[in-house]
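Below, each chain spelled out in residue letters.
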Amino acid sequence: MTEQVILCVDDEEMVLNSLEMQLKDHFGDKYVYEFAENAEDALEIIEELDEEGTDVLIIVSDWLMPGIKGDEFLIKVHEKFPKIVKVLLTGQAEQEAVDRAINQANLHRCIHKPWSAKELVETIQSGVTS
Amino acid sequence: MLPKMFQSQNSLTRTIIIKMGIRIAIIIIAVTLVSYWHITSNLELQVVEQLDKYITERGQRESTLFQLVEENQRVFKKEFLFRYQNLDDDDPLTRFNQLFEKRKDGTTRLYPKYFEGIQQADGGITQNLSGFIGQNVNITADIRRILVISYDMLNMYGPAWNHIAPNIYFTTPENTDIIYWPGKAWDLEAPADMDITQEEWFDMSDAAHNPQRETVWTGLYYDKVAKKWMVSCVTPIDIEGRQIATVGTDILLDDLFKRTLDVHLEGAYNIIFREDGRIIAHPNKIKELQKQEGLFKILQSGDQHLIHIFKLVKESKKVVIENHQNNEYFAVTKIDGPDWYFVTVYPKSLLANLAFDTARFILLLGILSLFIEVTVLLLVLRRQVAQPLQDFLGATQQIAAGNFNVEATQNLPLSRRDEIGELAQSFNSMAGQLKTSFDTLDGKVIEKTAQLNDKIEELTQTRQEMIHSEKMAALGQLVAGIAHEVNTPLGAIRSSAESLSSGLKQTLEQLPKLFQVLTLEQQEKFFALLEDSLQSKVTLTVKEKRAAKKTIAAELKKSGIEKNRVLTDTFISLGIYEHADQYLSLLKHPHRDFIFEVAYQLSTLTRSTGNIKTAVDRASKVIFALKTFARFDQSGDKTASNLQDGLETVLTLYYNQIKHGVDLIKEYEKIPPIQCYPDELNQVWTNIVHNALQAMEHKGTLKVAISQRDSYAVVSITDSGNGIPDDIKDQIFMPFFTTKAAGEGSGLGLDIVKKIVDKHDGKIEVESELGKGTSFSILLPL
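Remember, it's a predicted structure, so these values are computed and weren't measured experimentally. (Residues numbered from 1 in each chain as written. Chains lettered and ligands numbered in written order. Predicted model: local features only at pLDDT ≥ 70, side-chain atom pairs only at ≥ 80, totals over all residues.)

Peer 1: With reference to specific residues and values, describe the nonpolar core.
Peer 2: In this structure, Ile-178, Phe-273 and Val-343 of chain B are the most contacted members of the largest nonpolar core, which totals 84 residues. The biggest single contributor to this core is helix α1 (residues 2-85) of chain B, with nine residues. Ile-6, Val-77, Leu-88 and Ala-117 of chain A belong to the second largest nonpolar core, which has 44 residues in total. (Core = buried A, V, L, I, M, F, W, Y, C linked by C-beta atoms within 7 Å. Buried ≥ 20, exposed ≤ 12 C-beta atoms within 10 Å, placed from the backbone. Helix = DSSP H or I, 4+ residues; strand = E, 2+ residues; numbered from the N terminus.)

Have a look at this one:
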């Protein structure tokens, strides 16, 4: 069975830590978890994994980040890897950006900060099954 | 101010005096000139009249002499003829011999005693007579008769007429002569060979030269015997067409001059000449006259002046003639008798001199009166104008100084009944009105000042409110970003709390099982692992963690453990980034996954706690900044505050806008806290940081510096944005000026910055270069 990766992107390590704990707590070793502090690093990781033959199953990305914004990042990913499920996790996002992500990146869902573990897990589960 | 006013008052008098003086002087000069002209023309008339009268009188007077001489000769001639014709035929030889003596030189002359003086039988004295009979004269009885008669007549008439002319003489064509001449024995002095008939005066009386047989006058000639210059009047005495004798009278040049030339109008001179142009007397031509032996003819003289006079005299019939050519008048009269022209030449310069003298007198009089008038004017001006003016000045100054009391106007010449008096009364009433006005005004000013103060207070209030509302607007713009700033830590806290609770539950359940599977030695290793994890202080970035993962994976592989991503992640999560191989006993344990699961869950508890702590710190920091920023200090007092704290507050609020793409450089020098309004300064930093971020579109470098320059604390905020175009540099501090789209900015930001900095007595320096960025420096006094 090939490893399936959940990639979390947020410029706040604090958020990444939380996500890691929540995901591991719920899904345990079911998935491999990768973290990136910005879109550029995330894109690098995706490329790296793709070379290894590992698929990224789902991306949970913050919207407001230095450099490439969340919606833009997801659109880029969608162009190359349309199968990856994309989730926005944001404290504050313009509706326009969210709409753009929905239309152009086939955004699965947008979670608002502060979020609950339940909300996160449900989103991931619904994303995986769809 | 005072000296200047006094100065101007002085110059008023001076100006009037000078102006009046100049005017009067001009009038005096004009009057003098007119007088001069008037006097000149009047004098001309007078002179013409005077000359006319003078010459007429003079002519008559001079004529009288010559007429008398002529008349006397006529009387003499008539008497002689009467005596001669009534004579018997006796030869008066005895009588003749008593009178004449034969001289050795061949001449016969009267005895000298008749000249020197001899008592006569009748008691009378005979003297001053001399006689001469030429050498070759045949003395006939007739000659004797004639000579005796002439002797008697000369003895009788000579003394009688001597007051008119100096002499009288009787000459016959036979070269005999008897003369009565006091002081001059002419016939005794005459040389022996003398031919009297050749003398001019005799010559003129002969038939050839005097066909009319009239009394004639000679020109000027020199008598060699008498050694004198003279003119002579001669009358021929004829009987039956034959010249018997000639009676003559001399007029000496000296006498003539005395009479005609020496007596003249002052400055004028007289000339006498004959009809034929021969000069008889001329005061300036005496030498020439004598040199030419009396034959001085005007027309041949070459003297143009004289020639012109002569011609004018001959042409004009007027008595007084104006000679324009020589600028003179002359008056002409004819002396009856010799028919001489008597001319008085009167130079016009005399007139001018006279007129000039008069004009000068008028001028001097004028200057004297000018001085008197100016002095009088000065006195009048001082008393009538300058003094009242000074009084007015004093009153004005008193009133200007705000003194409306009676003393201000008491010196004014109120009782005067002229314009100054009226002015004083007007001034007085004006002062009264001013007093009333000022009193009213004072009340009004107080009232208005109070109103104004209210307004100022109101405005200050409004300004404070405006500043506050602008601050709130800025806050409003920040809130969205701040929400994110707060929500992020909140999310982390929530998730960490959840992890904590579930992790604790699971761990507690698994602990008994763990201690069952682990040997004592393995338990020690497990606790060492936990200890290692808890003591790990090194925090790696996400990227570094990925690198550490690879290190751990390599170590595990080296220890003969197959690739296990979960295991690697666990090490990283535990904070163990190297030397994973020391835990080989655990790694090779059959329950390895379970052991590491528990270890991970235990570390999660610590990590969650740490995560919560970090998140709370972050959230508190934001909330604190927000609270600090939003505070509105109403006290209005300055407080000692650290500039760095304020700046940090603002930078915290803008953290989420800065961190994505902006390099923030902080250069803080240590400076003491300054007395300021910290809340208001926060607004200054907010506005400038906000503008800076917008100018660089949230990408680039933002440099915030605190330094000290002289007695100022300097806060510089420098962006790497677009810069401010030159054409709007002057406008950026104007209220409601904005470059932002409607709704984005109020345009009040920098206006408020300026107001707040002004309130701190600070300064703002702006340096901006298009395309490179802008630097705002706020200087606040320490």
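Peer 1: Mind laying out the sheet that holds strand β3 (residues 55-62) of chain A, listing which residues take part and the relevant values?
Peer 2: Residues and elements named next belong to chain A. Within the open sheet, the five strands sit side by side as β2-β1-β3-β4-β5. Their pairing is parallel. With one partner strand each, in any of the chains shown, β2 (32-36) and β5 (109-112) form the two edges of the open sheet. Between one strand axis and the next, the sheet turns through 20° on average, direction left out of account. For strand β1 (residues 4-9) and β2, the ladder comprises five bridges, and the chain directions are parallel. Counterpart to Ile-6 in the pairing with β2 is Tyr-33. (Pairing = 2+ DSSP bridges. Axes fitted to C-alpha atoms, helices over the stretch in contact; angles between N-to-C directions.)

Peer 1: Give me the lowdown on the interface of chain A and chain B, citing residues and values where you can.
Peer 2: On the chain B side, the residues contacting the 29 residues of chain A number 32 residues. Put simply, the parts of the chain that give the side of chain A that touches chain B at least two residues each are α1 (13-27) and β2 of chain A. Element by element, the count of residues in the side of chain A that touches chain B is highest for α1 of chain A, at nine residues. (Contact = placed C-beta atoms within 7 Å.)

Peer 1: A description of helix α11 (residues 348-400) of chain B should follow, citing residues and the corresponding values.
Peer 2: Residue and element names in this part refer to chain B. A maximum bend of about 40° is found in α11 at Arg-382. Those residues of α11 not exposed but buried are Leu-351, Ala-355, Ala-359, Gly-366 and Ala-395. Taken from the residues just after α11, Gly-402 is the one with a positive phi, measuring 95°. (Bend = angle between axes of the 7 residues up to and from the residue.)

Peer 1: Before we move on, could you go through the environment of Gln-67 of chain B and cite the residues and values that matter?
Peer 2: Residue and element names in this part refer to chain B. With respect to the helices and strands, the residue Gln-67 is situated in helix α1. Between the alpha carbons of Gln-67 and Gly-337 there is a distance of 5.6 Å; along the sequence they are 270 residues apart. The residues touching Gln-67, leaving out its near neighbours within four places in the chain, are Asp-336 and Gly-337.

Peer 1: Explain the sheet that holds strand β21 (residues 712-719) of chain B to me, and be specific about the residues and the numbers.
Peer 2: Residue and element names in this part refer to chain B. With mixed pairing, five strands are arranged side by side in an open sheet as β18-β20-β21-β23-β22. Strands at the two margins of the open sheet, each flanked by one partner only, are β18 (662-668) and β22 (763-769). Going from strand to strand, the sheet's axes swing by 10° on average, the running direction of each strand aside. Summarising the sheet, strand β20 (residues 700-709) and β21 pair through eight bridges and their orientation is antiparallel. Pairing of Ser-707 across the sheet is with Val-714, part of β21.

Peer 1: Just give me the short version of the pairing of strand β23 (residues 773-781) of chain B, but keep the residues and values in it.
Peer 2: Looking along a regular strand, one sees side chains alternate from face to face of the sheet. Residues and elements named next belong to chain B. Of the pairings in the sheet, the one linking β21 to β23 comprises seven bridges and is antiparallel in character. Its bridge partner being in β23, Ser-716 is matched across the sheet by Ser-777. What sits between the antiparallel neighbours β22 and β23 is a turn of three residues, in which Gly-771 has the positive phi angle 85°.

Peer 1: Can you break down unusual backbone geometry residue by residue, with the values?
Peer 2: In the segment running from Lys-113 of chain A into Pro-114 of chain A, the intervening peptide bond is cis, with an omega of -10°. Residue position: Pro-114 of chain A is located in the loop between β5 and α5 (117-129). Within the chain, Glu-240 of chain B stands out as a residue other than glycine whose phi angle is a positive 50°. If you trace the backbone, Glu-240 of chain B turns up in the loop between β10 (228-239) and β11 (242-252). Judged by the 5 C-beta atoms lying within 10 Å of it, Glu-240 of chain B falls in the exposed class.

Peer 1: Explain the confidence of the model for chain B to me, using residue names and the numbers behind them.
Peer 2: Residues and elements named next belong to chain B. Scored by pLDDT, chain B comes out at a mean of 84, with 95% of its residues at no less than 70. Across chain B, the element-wise mean pLDDT spans from 68 in helix α12 (residues 406-409) up to 93 in strand β7 (residues 176-180). Long-range and interchain partners of residues 1-7, a stretch whose pLDDT sits below 50, account for one contact in this model, where long-range means more than four residues apart. (pLDDT = per-residue confidence, 0-100.)

Peer 1: Talk me through the packing of helix α15 (residues 542-558) of chain B against helix α16 (residues 565-574) of chain B; I want residue IDs and the actual numbers.
Peer 2: All names here are of chain B. Interaxial distance between α15 and α16 falls to 9 Å at its minimum, and their mutual angle equals 125°. Relative to α16, α15 is oriented oblique. Crossing geometry of α15 relative to α16 is assigned as right-handed. Listed contacts from α16 to Lys-545, Ala-548, Lys-549, Ile-552, Ala-553 and Leu-556 of α15 are Leu-567, Thr-568, Phe-571 and Ile-572. (Parallel < 35°, antiparallel > 145°, perpendicular 65-115°, else oblique. Left-handed = near helix turned anticlockwise from the far one by under 90°.)

Peer 1: Please give an account of the environment of Leu-87 of chain B that cites residues and values.
Peer 2: All names here are of chain B. Within the secondary structure layout, Leu-87 lies in the loop between α1 and α2 (93-99). Accessibility expressed as a C-beta count within 10 Å gives 14 for Leu-87, which makes it partly exposed. Distance from Leu-87 to Arg-145, taken between C-alpha atoms, is 8.5 Å for residues 58 residues apart in sequence.

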